[in-house]
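Here's the letter readout for the chains.
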2 protein chains.
Amino acid sequence: MALIVQKFGGSSVADVEAVRRVARRVVDTRDAGHQVVVVVSAMGDTTDDLLDMSAQIASQPPERELDILLSAGERISMALLAMAVNELGVPAQSYTGAQAGIRTDSHYGRAQIIGMVPERIARAVREGQVAIVAGFQGVSEEEDTTTLGRGGSDTSAVALAAALHADVCEIYTDVDGLFSADPRIVPLAHRLRTISQEETLELAAHGAKILHLRAVEFARRYHVPLHVRSSFSEKEGTWISDRPANPELAGLVPEAALVDPQEEPMEEPIISGIAHDRSQDKITVRGVPNTPGTAARVFEVVAEVGANIDMIVQNVPGEDKARANISFTLPGGDARKALDALEAHQDEIGFKELRYNPDIGKLSLVGAGMRTNPGVSAKLFGALSKAGINIDLISTSEIRISVVTRLEDLDRAVQAVHTAFGLDATESEAVVYGGTGR
Amino acid sequence: MALIVQKFGGSSVADVEAVRRVARRVVDTRDAGHQVVVVVSAMGDTTDDLLDMSAQIASQPPERELDILLSAGERISMALLAMAVNELGVPAQSYTGAQAGIRTDSHYGRAQIIGMVPERIARAVREGQVAIVAGFQGVSEEEDTTTLGRGGSDTSAVALAAALHADVCEIYTDVDGLFSADPRIVPLAHRLRTISQEETLELAAHGAKILHLRAVEFARRYHVPLHVRSSFSEKEGTWISDRPANPELAGLVPEAALVDPQEEPMEEPIISGIAHDRSQDKITVRGVPNTPGTAARVFEVVAEVGANIDMIVQNVPGEDKARANISFTLPGGDARKALDALEAHQDEIGFKELRYNPDIGKLSLVGAGMRTNPGVSAKLFGALSKAGINIDLISTSEIRISVVTRLEDLDRAVQAVHTAFGLDATESEAVVYGGTGR
């Protein structure tokens, strides 16, 4: 018997029919002899409908009230799912984030979990119940409802799995798992059978939308094995884990997915996958005086308005050694305030002009194997060069190389690199690849 | 400065526009110098929509889950209303039943309030906030959400007003107040300016749908003055009170509505109003042995299946002194189970036959003045007789006379009695008279 936390996103409970299907899956897992805790998001469009209403009332509603409003969505889905599971003859009760002991700070709309006290959930499980918990929400020390922000339901699920010492946290979504690239761009992308949490972090941080960074960070910190899989099929998904899976799970999942702890890991492939990101913009500050502290001042000004800088390149053009150009990328939504702040400080910093380019794309190649393989960057640049694609900025970590291209070149770049690294599957896996919501 | 609890039902917050209108009224009250606590029901059709979804999943959903589901409705309306009040520049926060300290037993769907600990609400009011509280819901000792059943939001409002020692509890609805009879039946019915809680109880208990019995009982027990009025107009409604209104309210409400504690009350009218009820059925048990304890046995059998008996008449037909006929009325929904129970005990009780008549109507004449006025019943029977209407059963209290007629005669009966007691207004007040929801 294993303890399994199953998280179902909004698309998995889009309507009453879908809620019934999820209930069936929960009951099947339980019938296989496992204990089940379910984390559920709001149904399909509920969140958007609630946001619409709030937007009709206030352009900037108080965040506390917005959190109360949005938390109604999970209340509805969790109660309906509990009813549906009961209807199949299995006792189930639903619990709010507060009742599940998900304690957060008071940053409404983006609350951080500061403690987990899931006593009621543990008791329910001991008593043979299926516990159904509202994702995306917690409770502050003032006993107010908070929401965890984007990726919140994934985070709720992983945090509960960690606190309950669950054997696995299953993340159900509308795709079959993690892929070597976005199948909408690379039809021959293949599903990853397993991937490390570290690699998943890099992919999530650089544009792969399958799982939220924050949930993966949580899973890594607390050693929670994740299994990302489709709620629309029984197919094995992708295992994200740094430890061997519980052999108890053998009855539940195909044997092929289990890592045999006795067996030496096969030689890892160099590259696990390719992430892409269209959401970043580029700002270039031209003619910055090449004196100590001036570049730092540029980034201070941008940081002060809360813009998150991603990649940076500074270069000194040949003709004028006294001045440098500084380029950086940042989320598109932060560009306006960064530009305004820089303009306001133009005289102080003494730069010549600002250039703004929203039409850039970022490709990130991720793989634990590149740590020990020196030829990766050469192969990457070679593939892009052969495809006639110019590279603008470059940044690297130990297991990732990211390059910025023109936006219109991005898809071709992803395809070329996928092929060059031998990632193409022999035939296309039929999938729909979509983003995750809460 | 007065502390005013304002309760808005589902029809008052049917959509975003209506929520904004309610916010305007709340802010106007506050601008007049008062402290305001608001109790709000779920928006318009929300409850029905949620019930629809639950019915698609389970015919008999677990009551705990149903309460969680339904409580989402008030979460939505209270957060939106708080946003709308803030948008008008007045600080407001919303609170669930649990946060407002509405403690109940664990009878899901029909929970009783067992304690009020509205500390957070009192603090919010002291700090100058408008506190917006979810009606219809509370929290059990197990920290689970409960709902209070029909009339729950009215009860929440009155209970809060009592616990906070509010000066008045305003019940906003879609009519202008309490009327001397249902204006859909009696076009010349007039709005009551004031009425005692005792009379209101009798009216509510005997079919007047304007206010729930339970809320009036609460108001009476804790001496909370009620003001029932329309959310669609500024017009004065009906004051329900056994004590003089707070003179502080003079700035808020027209002077005419305030009882001057110095002034001798005018001679009370004999009759305050006429309630009617089409929802009762009549069962007659014929040929019951006229022996001690047998009649009691009939009512025991009916009580055992949870049917609520209202009026009872027992008579001994002339020809056979050994047997009696027992007739009683009960809510239409209880008739089937009462009939089944009686049939099952026919041999034991020894009665001859059962007769069932769903086509009856009940008219109730209510007025504190009838205590000291001996001619009331004579006038009532005279008026009905002149209109050619037969009376079937009669029951009385100190301030009420109820009679059962044929259903098809009920409207004419109400009209005839309204006229006979001089209640007709000189011209029709244009109103829509409807039931209340939660």
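Quick note: structure is the one above.
Nothing here was measured: the structure is a model prediction, and the numbers come from that model.

**Concerning the overall build of chain A**
Then, number 1: Across its full length, chain A holds 12 helices and 20 strands.
Then, number 2: For chain A, the spread of C-alpha atoms along the principal axes amounts to about 80 × 55 × 35 Å.
Then, number 3: Expressed as a percentage of its 438 residues, the buried residues of chain A come to 57%.
Then, number 4: Look at the contacts in chain A between residues 6 or more apart in sequence, and 75% of them connect residues 24 or more apart.
Then, number 5: When the accessible area of chain A is evaluated, it comes to approximately 18,200 Å², of which 48% is carbon and sulfur surface.
Then, number 6: Counting 42 positive and 62 negative side-chain charges, chain A places the centres of these two groups 2 Å from one another.

**Details of a negative patch on the surface**
Then, number 1: Residues Glu141, Glu142 and Glu143 of chain A together with Glu141, Glu142 and Glu143 of chain B make up a contiguous surface patch of negative charge.
Then, number 2: Note that Glu142 of chain A resides in the loop between strand 7 (137–139) and strand 8 (145–147).
Then, number 3: Here Glu142 of chain A falls in the partly exposed class, since its relative accessible area comes to 44%.

**Considering helix 3 (residues 63–87) of chain A**
Residue and element names in this part refer to chain A.
Then, number 1: Compared with the 36 Å implied by 1.5 Å per residue over 25 residues, the 37 Å span of helix 3 between its first and last C-alpha is a close match.
Then, number 2: Among the 25 residues in helix 3, 22 count as buried, and that is most of the element.
Then, number 3: Gly89 sits one or two positions beyond helix 3 and adopts a positive phi of about 90 degrees.

**Some points on the interface of chain B and chain A**
Then, number 1: Of the residues lining the interface, 40 residues belong to chain B; the matching set on chain A comes to 40 residues.
Then, number 2: Of all residues in chain B, Ile57, Arg75 and Met83 of chain B bury the most surface against chain A, accounting for 23% of the area lost on that side.
Then, number 3: Linking chain B with chain A are two salt bridges.
Then, number 4: Across the pair Arg120 of chain A and Asp144 of chain B runs a salt bridge whose closest N-O atoms are separated by 3.0 Å.
Then, number 5: Inspection of the region where chain B meets chain A yields 18 residue pairs in polar contact (both at pLDDT 80 or more).
Then, number 6: When residues of the side of chain B that touches chain A are traced back to their parent elements, those giving at least two are helix 1 (16–31), helix 2 (46–57), helix 3 (63–87) and strand 3 (92–95) of chain B.
Then, number 7: Here the side of chain B that touches chain A takes 17 residues from helix 3 of chain B, the largest share from any one element.

Thresholds applied
Residues numbered from 1 in each chain as written. Chains lettered and ligands numbered in written order. Predicted model: local features only at pLDDT ≥ 70, side-chain atom pairs only at ≥ 80, totals over all residues. Heavy atoms only, no water. Helix = DSSP H or I, 4+ residues; strand = E, 2+ residues; numbered from the N terminus. Buried < 20%, exposed > 50% of the residue type's maximum accessible area, 1.4 Å probe, protein only. Contact = heavy atoms within 4.5 Å. Areas by Shrake-Rupley, 256 points an atom, 1.4 Å probe, with all protein chains shown as cover. Lys, Arg positive; Asp, Glu negative; His and termini not counted. Charge placed at Lys NZ, Arg CZ, Asp CG, Glu CD. Patch = residues over 30% accessible without salt bridge, like charges linked within 9 Å, V, L, I, M, F, W, Y side chains within 5 Å. Salt bridge = Lys/Arg side-chain N within 4 Å of Asp/Glu carboxyl O. Expected span 1.5 Å × (residues − 1). Buried area = accessible area lost by both parts, 1.4 Å probe. Polar contact = N/O pair within 3.5 Å; in protein donor to acceptor, adjacent residues only side chain to side chain.

Everything listed here is a matter of geometry and, on its own, says nothing about what the molecule does.
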